[in-house]
Amino acid sequence: MTWGFLNIKKTYRPQLRRALHLSEVIHTEIKGSDVRKDVRVGNRDQRRAAMLLVDSILGLLERYNARLLARVWVKQEGLAFNETGVYSTSVGSLTETFQAQLLDCHSRGVMILDSRTKSKNAPNVHCVTTRKYRAGGDLLKGIIESPVFGHSDTHTLLQLSDLVVSSLAGQACPAGGRHPGPADGR
């Protein structure tokens, strides 16, 4: 899946075809906000390329029978947004959903979340860890380890997940409506 994603990046960002090092292709991210912008206000060629990019990515995920779990929060204009509470709630909810999916397919897995800062990441890890072991056993048996955090410019599958979620989140906006973009919870 990683090689497929890197090839998609090279297809839709032709400058990456001339990259001298693989790390350059990995570090260069395609931003979902750019894809949404091209779909909404781009010219005909930009709209077409953006839709083909999304189609290629969804095809890749389908080919590998991949599943993404995401939670998108739409911020209300003019109202304060409790980022800490929203992120914590999202991580908890995603953990429960992931656990249910793992149990359903008799599997085990790990959650890799987009890193922010240690002070923002740590409470979410502790929340899951205490939930996992609070009764003296393991309440989240399918989840191998508490969530780990990665930097999207170094993790291709984290980039892939981020691109899918941030590209498609904007497409659900009602016609003519303003879409403020996805929240940090993924």
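Structure: see above.
Residues numbered from 1 in each chain as written. Predicted model: local features only at pLDDT ≥ 70, side-chain atom pairs only at ≥ 80, totals over all residues. Heavy atoms only, no water.

Caption draft 1: Highlighting the side chain of Ser166. Mapped onto the elements, Ser166 comes out in helix H7 (residues 156-169). For Ser166, a relative accessible area of 9% translates into the label buried. A polar side-chain atom of Ser166 sits 2.7 Å from the main-chain carbonyl oxygen of Asp162. (Helix = DSSP H or I, 4+ residues; strand = E, 2+ residues; numbered from the N terminus. Buried < 20%, exposed > 50% of the residue type's maximum accessible area, 1.4 Å probe, protein only. Polar contact = N/O pair within 3.5 Å; in protein donor to acceptor, adjacent residues only side chain to side chain.)

Caption draft 2: Up close: the packing of helix H4 (residues 44-63) against H7. Direction vectors running N to C along H4 and H7 enclose 130 degrees, while the axes themselves pass 11 Å from each other. For the element pair H4 / H7, the angle class is oblique. Two packed elements cross with a definite hand, and for H4 against H7 that hand is left-handed. Between H4 and H7, the residues in contact are Val54, Ile57, Leu58, Leu60 and Leu61 and Leu160, Leu163, Val164, Ser167 and Leu168, respectively. (Axes fitted to C-alpha atoms, helices over the stretch in contact; angles between N-to-C directions. Parallel < 35°, antiparallel > 145°, perpendicular 65-115°, else oblique. Left-handed = near helix turned anticlockwise from the far one by under 90°. Contact = heavy atoms within 4.5 Å.)

Caption draft 3: Layout of the nonpolar core. Core analysis: the biggest nonpolar cluster contains 15 residues, and Ile8, Val35, Leu53, Ile57, Leu160 and Leu163 have the highest contact counts within it. Secondary structure elements with two or more residues in this core: helix H1 (2-12), helix H3 (32-41), H4 and H7. In terms of residues, this core owes the most to one element, H4, which gives 6 residues. Setting aside chain neighbours within four positions, we find Leu160 in contact with Met1, Phe5, Ile57, Leu60 and Leu61. Of all hydrophobic cores here, the second largest spans 10 residues; its members include Tyr87, Val91, Leu94 and Ile143. (Core = buried A, V, L, I, M, F, W, Y, C linked by side-chain atoms within 4.5 Å.)

Caption draft 4: View of empty space enclosed by the protein. Applying the stated criterion to the full structure yields 1 cavity of 30 Å³ or more. For the largest cavity, the calculated volume is near 40 Å³. In this structure, the largest cavity is lined by Leu53, Val54, Ile57, Leu58, Leu163, Val164, Ser167 and Leu168. Looking at the lining of the largest cavity, the elements that each hand over two or more residues are H4 and H7. Across the lining of the largest cavity, the residue classes break down as 7 nonpolar, 1 polar and no charged. (1 Å grid on protein atoms, 1.4 Å probe; cavity = no way out; pocket = protein on both sides within 12 Å on 5 of 7 lines; lining within 4 Å. Points joined across faces, edges and corners; volume = space filled by probe spheres on them. Nonpolar A, V, L, I, M, F, W, Y, C, P; charged D, E, K, R; others polar.)

Caption draft 5: A look at the pattern of salt bridges. Counted under the stated rule, the structure contains 6 salt bridges. Across the pair Asp45 and Arg44 runs a salt bridge, and its minimum N-O distance is 3.3 Å. Of the charged contacts in the structure, one is a salt bridge between Arg116 and Glu83, with a shortest N-O distance of 2.9 Å. Of this pair, Arg116 sits in the loop between strand S1 (112-114) and helix H6 (118-133) while Glu83 sits in helix H5 (residues 83-104), and the two are 33 residues apart along the sequence. Owing to a relative accessible area of 30%, Glu83 belongs among the partly exposed residues under this scheme. (Salt bridge = Lys/Arg side-chain N within 4 Å of Asp/Glu carboxyl O.)

Caption draft 6: View of the environment of Thr2. Topologically, Thr2 is positioned in helix H1. Taking C-alpha positions, Thr2 is 9.7 Å from Ile26, a pair spaced 24 residues apart along the chain. The residues touching Thr2, leaving out its near neighbours within four places in the chain, are Thr156 and Leu157.

Caption draft 7: Quick peek at the layout of surface pockets. Quantified by volume, the largest pocket comes out at close to 740 Å³. In terms of lining, the largest pocket is formed by 27 residues, of which the most central are Arg67, Leu68, Val110, Ile112 and Ser161. Of all the secondary structure elements, the ones that give two or more residues to the lining of the largest pocket are H5, S1 and H7. Of the residues contributing to the lining of the largest pocket, the split by class is 19 nonpolar, 3 polar and 5 charged.

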